[in-house]
There are 2 protein chains.
Amino acid sequence: MDATTVLLVDDQALVREGMAMVLGQEPGLRIVGEADDGRAGVQLARLHRPDVVLMDVRMPVLDGIGATREIVTHCPQTRVLILTTFDLDEYAFDGLRAGASGFLLKDASSAELVRAVRTVAAGEAVVSPRITRTLLDRYRQAPVNPPESVRLLEELTAREREVLVAIARGLSNAEIAAELFLSESTVKTHVGRVLAKLQARDRIHVVIWAHRHGLG
Amino acid sequence: MDATTVLLVDDQALVREGMAMVLGQEPGLRIVGEADDGRAGVQLARLHRPDVVLMDVRMPVLDGIGATREIVTHCPQTRVLILTTFDLDEYAFDGLRAGASGFLLKDASSAELVRAVRTVAAGEAVVSPRITRTLLDRYRQAPVNPPESVRLLEELTAREREVLVAIARGLSNAEIAAELFLSESTVKTHVGRVLAKLQARDRIHVVIWAHRHGLG
DNA sequence: CCGGCTGTGGTACCGCGGTACCACGGCCGG
DNA sequence: CCGGCCGTGGTACCGCGGTACCACAGCCGG
């Protein structure tokens, strides 16, 4: 088996040097590139298709979240490990949603860093303990409750909510009409009102809204 | 600072003995009791108020989930660490909802066990890597394992994936064309191929697919 | 060197989605 | 009792989305 290839993306050269120092002399690991902003990171990732990308969150040009999203889009087999300075960094959670395989505090020991890289390279996930705590808290609370969206939901009539979930399921107007025993005209009327109340320009945005807020 | 007190709850005596062996000779740790079912575990926890409870999931009389729920209710400062044999154990996730501070596979090494106990005793959370992976998948609202979805994703070309995420963001063909510097015809071509490869009848189903599988 | 894939582009066509506007019965509250 | 909201329905219109088919350049692999 070849060495695990690693790409470093961080705007602070010192950090990159430190990591390169630690990882470079580790058997089975090989640094294949370094970048000092997100855009360059994405380009190098697409070029080298490394096994693991160590990605800083805050960076010029393109931040770590956007870069992560693009990398997982272009290189599905590449694992991204987010590096963050503060354990309650909101961006880090966005990073997970963007498709990162884990994240690590920058104050981690070199041994932890090496272990984390090997872990994600093996296809598993790693999260530093303090962040795991927060993650679990969110998981427990997860069910619902984005207050703004609930307010909008309550502005809808019962019938409109039925139509909304039907839209979110991907049904066409004709299918909704059949399922609810309505004419297609009526469905169109309801759909129009849902669009207006949610300020969505078309049913596609309704689908996105619904899935962002726990439906589907 | 006093030693960290630990309570063992498992219906298999061998497992308890093994853990007692490992933890008992560890400096700073002290076993304060053992129980072989959930009910007894709750009673001993209320009696000794240990820092950490190592809790099996499957047990007679009262299972580990119910026992965890009662313990965190009666002894808020006590941390419960769930032990599970299989990493995809559904009950383990229920355990997290019940208030456990983490869970651990039974095939963990003794060093991992010790480290996990110390970690939760410090008020942090610990989850074994394989389970973390699943947890993150759920956090992203992906069903469980997306092997099928990843396979589909990799069938797409890089360009098609770019178009896919644009669709998932709710962009119209014209908007995608503008963003990627393409003609609308070309966008339509790509969109058509994405639809075919994902077996989606229209872009709406693509949006749903994308949001179900972690994009957006 | 040729075939296949990818990315780019075009034309033509049709149907669904969305809008605008209107209508009417039922129900509730002022 | 009457005005307003809700749910139901209709007509007419237009544009975007999706399909079908074709074309060509570049690249890579057999």
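Residues numbered from 1 in each chain as written. Chains lettered and ligands numbered in written order. Predicted model: local features only at pLDDT ≥ 70, side-chain atom pairs only at ≥ 80, totals over all residues. Heavy atoms only, no water.

(A) Region of interest: the overall build of chain A. If you tally the helices and strands in chain A, you get eleven helices and six strands. When each of the 216 residues of chain A is scored for burial, the buried share is 48%. Considering only intrachain contacts with a sequence separation of at least 6, the fraction spanning at least 24 residues in chain A is 64%. Accessible surface, chain A as shown: approximately 10,200 Å² in total, 53% of it carbon and sulfur. (Helix = DSSP H or I, 4+ residues; strand = E, 2+ residues; numbered from the N terminus. Buried < 20%, exposed > 50% of the residue type's maximum accessible area, 1.4 Å probe, protein only. Contact = heavy atoms within 4.5 Å. Areas by Shrake-Rupley, 256 points an atom, 1.4 Å probe, with all protein chains shown as cover.)

(B) Representation of helix α11 (residues 203–212) of chain A within the structure. Burial analysis of α11(A) places eight of its ten residues in the buried class, which makes it a mostly covered element. Of all the positions in α11(A), only Arg203(A), Ile204(A), Val206(A), Val207(A), Ile208(A), Trp209(A), Ala210(A) and His211(A) are classed as buried.

(C) Focus on the protein's contact with DNA strand D. The full set close to DNA strand D counts 17 residues, and Thr157(A), Arg159(A), Ser183(A), Lys188(B) and Arg203(B) are the nearest of them. Near the protein, meaning within 4 Å, the atoms of DNA strand D are sugar or phosphate in a fraction of 62%, with bases accounting for the rest. The side chain of Thr157(A) places a nitrogen or oxygen atom 2.6 Å from a phosphate oxygen of DNA strand D. One of the side-chain N or O atoms of Thr186(A) is found 3.0 Å from a phosphate oxygen in DNA strand D. Looking at the surface near DNA strand D, the elements that each hand over two or more residues are α8 (158–168) and α10 (184–198) of chain A together with α10 (184–198) of chain B. Its residues assigned to classes, the surface near DNA strand D comprises four nonpolar, eight polar and five charged. (Near = heavy atom within 4 Å. Polar contact = N/O pair within 3.5 Å; in protein donor to acceptor, adjacent residues only side chain to side chain. Nonpolar A, V, L, I, M, F, W, Y, C, P; charged D, E, K, R; others polar.)

(D) View of the pairing of strand β1 (residues 4–9) of chain B. Residues and elements named next belong to chain B. Most of β1 sits out of view: six of its six residues are buried. Residues of β1 alternate between two faces, with Thr4, Val6 and Leu8 on one and Thr5, Leu7 and Val9 on the opposite face, all of them buried. Pairing geometry for β1 and strand β2 (residues 29–35), over six bridges, is parallel. Its bridge partner lying in β2, Val9 is registered against Ala35. (Pairing = 2+ DSSP bridges.)

(E) The arrangement of the pattern of salt bridges in detail. Scanning all chains against the criterion turns up 18 salt bridges over all chains. For Glu70(B), the salt bridge identified is with Arg39(B), shortest N-O distance 3.2 Å. Highlighted residues: Glu70(B) in helix α3 (residues 64–74) and Arg39(B) in helix α2 (residues 38–48), separated in sequence by 31 residues. Take Arg39(B): its relative accessible area is 33%, and that puts it in the partly exposed class. Notably, a salt bridge pairs Asp202(B) with Arg201(B), separated by 3.5 Å at the nearest N-O pair. Accessibility expressed as a relative area gives 45% for Arg201(B), which makes it partly exposed. Through salt bridges with shared partners, a single network forms among Glu160(A), Arg193(A) and Lys197(A). (Salt bridge = Lys/Arg side-chain N within 4 Å of Asp/Glu carboxyl O.)

(F) Examining the protein's contact with DNA strand C more closely. Near DNA strand C lie 17 residues; those nearest to it are Lys188(A), Arg203(A), Thr157(B), Arg159(B) and Ser183(B). Sugar plus phosphate: this is where 62% of the atoms of DNA strand C within 4 Å of the protein reside. Between Lys188(A) and DNA strand C, the recorded distance is 2.9 Å, taken from a side-chain N or O atom to a base oxygen. In the model, a phosphate oxygen of DNA strand C is placed 3.0 Å from a nitrogen or oxygen of the His190(B) side chain. Those elements that place two or more of their residues in the surface near DNA strand C are α10 of chain A together with α8 (158–168) and α10 of chain B. If you tally residues by element for the surface near DNA strand C, the top one is α10(B), at five residues.

(G) Summary view of the confidence of the model for chain A. Looking at chain A, the pLDDT average stands at 80 and 81% of residues meet or exceed 70. Taken as a whole, residues 142–146 of chain A scores under 50 in pLDDT and shows one contact with residues more than four places along the chain or in a different chain. (pLDDT = per-residue confidence, 0-100.)

(H) Here's a closer look at the nonpolar core. Formed by 46 residues in total, the largest nonpolar core has its most connected members in Leu164(B) and Val206(B). Elements represented by at least two residues in this core include exactly α8, α9 (173–180), α10 and α11 of chain A together with α8, α9 (173–180), α10 and α11 (203–212) of chain B. With 18 residues, the next largest nonpolar core counts Leu7(A), Val9(A), Ala35(A) and Leu62(A) among its residues. (Core = buried A, V, L, I, M, F, W, Y, C linked by side-chain atoms within 4.5 Å.)

(I) Expanded view of the packing of α2(B) against α3(B). Residues and elements named next belong to chain B. Close contact between α2 and α3 brings their axes to 9 Å; oriented N to C, the two are set at 15 degrees. Classified by the angle between their axes, α2 and α3 sit roughly parallel to one another. You can see that α2 and α3 cross each other, and the crossing is right-handed. Where α2 abuts α3, its residues Gly38, Arg39, Gly41, Val42, Ala45 and Arg46 lie against Ala67, Glu70, Ile71 and His74. Of the residues that constitute the contact of α2 with α3, the class distribution is four nonpolar, three polar and three charged. (Axes fitted to C-alpha atoms, helices over the stretch in contact; angles between N-to-C directions. Parallel < 35°, antiparallel > 145°, perpendicular 65-115°, else oblique. Left-handed = near helix turned anticlockwise from the far one by under 90°.)

(J) The environment of Ala13(B), seen in detail. For Ala13(B), the location among the structural elements is in helix α1 (residues 13–24). A relative accessible area of 38% places Ala13(B) in the partly exposed class.

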